[in-house]
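A closer look at the structure
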Amino acid sequence: MRVNDWLVPAGEARELTRAEIEAGLYADPEVTLISDYLSKTLDDAQARDVERRLRDDEGFRTKVGPIVAAWNAWPTVDDIEIADDRMEASWKRLMAKVERGETGTRIVGAAARVG
């Protein structure tokens, strides 16, 4: 999938279908592998193999390096501070959606961080 396939004409990210998400994840096994490694879903032996490839396999390192760099640059919960009143308002909005039955999962944009 090309980057342009992820955007609507206004340049905003569009909602991906489940089939598009699955196709993107499995279209390139090395991208899937590094994604699983970064999200810590591999077992210890698999993680060590990825670490070895990152160290010793220049082609792999070149291919997945931008993914690792983006992952490391993406802010984590520890990097974000939300005022208590904003957090409370956010929870109230979420609970209102749950009460209305709006609990479907949607992934919007070119990247969703798993962590």
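Every residue gets a number counted from 1 within its own chain, in the order that chain's sequence is written. Selection of residues for local features in this predicted model requires a pLDDT of at least 70, selection of side-chain atom pairs for listing and counting requires 80 or more, and totals for whole chains, interfaces and linings are taken over all residues. Only hydrogens and water are removed before side-chain values are computed, so all heavy atoms of the structure are retained for them.

**Regarding the packing of helix 3 (residues 44–56) against helix 4 (residues 58–73)**
Helix packing geometry: the angle between the two helix axes and the distance between the axes. As a packed pair, helix 3 and helix 4 sit with axes 6 Å apart at the nearest point and diverge in direction by 100 degrees. With respect to helix 4, the element helix 3 is oriented roughly perpendicular. Contacts between helix 3 and helix 4 pair Val50, Arg53, Leu54, Arg55 and Asp56 from the former with Glu58, Phe60, Arg61 and Val64 from the latter. Across the contact of helix 3 with helix 4, the residue classes break down as four nonpolar, no polar and five charged. To get an axis, a line is fitted to the C-alpha atoms, and for a helix only the part in contact is used. The angle between two axes follows their N-to-C directions and goes from 0 to 180 degrees. Strands here are runs of E lasting at least two residues and helices are runs of H or I lasting at least four, both read from the DSSP assignment and numbered beginning at the N terminus. Convention used here: angles under 35 degrees read as roughly parallel, angles over 145 as roughly antiparallel, angles from 65 to 115 as roughly perpendicular, and any remaining angle as oblique. Any pair of residues with heavy atoms lying within 4.5 Å of one another is described as a contacting pair. Three classes are used, and their members are as follows: Ala, Val, Leu, Ile, Met, Phe, Trp, Tyr, Cys and Pro are nonpolar, Asp, Glu, Lys and Arg are charged, and the others, Gly among them, are polar.

**Remarks on the packing of helix 2 (residues 29–38) against helix 3**
The contact between helix 2 and helix 3 brings their axes to 10 Å, and the two run at 115 degrees. As helix 2 runs across helix 3, the sense of the crossing is left-handed. Here helix 2 contributes Glu30, Leu33, Ile34 and Tyr37 to the contact with helix 3, which in turn contributes Ala47, Val50, Glu51, Arg53 and Leu54. Looking at the contact of helix 2 with helix 3, its residues break down into six nonpolar, no polar and three charged. Note on convention: near helix rotated counterclockwise from far helix by under a right angle means a left-handed crossing. Clockwise means right-handed.

**Focus: the pattern of salt bridges**
One side chain can pair with another of opposite charge once the charged atoms of both are near each other. What makes a salt bridge here is a side-chain nitrogen of Lys or Arg within 4 Å of a carboxyl oxygen of Asp or Glu, nothing more. Counted under the stated rule, the structure contains seven salt bridges. In this structure, the salt-bridge partner of Asp28 is Lys63, at a minimum N-O distance of 2.7 Å. Taken as a pair, Asp28 in the loop between helix 1 (18–26) and helix 2 and Lys63 in helix 4 lie far apart in primary sequence, 35 residues in all. The partner of Lys92 in a salt bridge is Glu88, and the shortest N-O contact between them spans 3.4 Å. You can see Lys92 and its partner Glu88 sitting in helix 5 (residues 84–100), four residues apart, about one turn around the helix.

**Comments concerning the packing of aromatic side chains**
Aromatic pairs are defined between Phe, Tyr and Trp rings, using the six-membered ring for Trp, whenever the two ring centres lie within 6.5 Å; interplanar angles under 30 degrees are classed as stacked, those over 60 as edge-to-face, and all others as tilted. One pass over the structure, following the stated rule, counts zero aromatic pairs. Two thresholds decide whether a charge sits over a ring: the Lys NZ or Arg CZ must be within 6 Å of the ring centre and within 35 degrees of the ring normal. Its guanidinium or amino end placed over the ring of Phe60, Arg53 lies 4.0 Å from that ring's centre, counting from NZ or CZ.

**A word on helix 4**
Taking 1.5 Å of rise per residue, 16 residues should cover 22 Å, and helix 4 covers 22 Å from first to last C-alpha, within 8% of that figure. To get the bend at any residue, fit one axis to the seven residues that end at it and another to the seven that begin at it, then take the angle between the two axes. For helix 4, the principal kink sits at Val64 and spans about 45 degrees; a proline, Pro66, occurs within the next four residues. By the burial criterion, the buried members of helix 4 are Phe60, Val64, Val68 and Trp71. The secondary structure elements touched by the buried residues of helix 4 are helix 2 and helix 3. In a helix, the anticipated span is given by 1.5 Å times the number of residues less one. Exposure is judged per residue with a 1.4 Å probe applied to protein chains only, and the accessible area is read against the type maximum: over 50% gives exposed, under 20% gives buried, and values in between give partly exposed.

**A few points about unusual backbone geometry**
The phi dihedral of Lys40 falls on the positive side, at around 60 degrees, and the residue is not glycine. Assignment of secondary structure puts Lys40 in the loop between helix 2 and helix 3.

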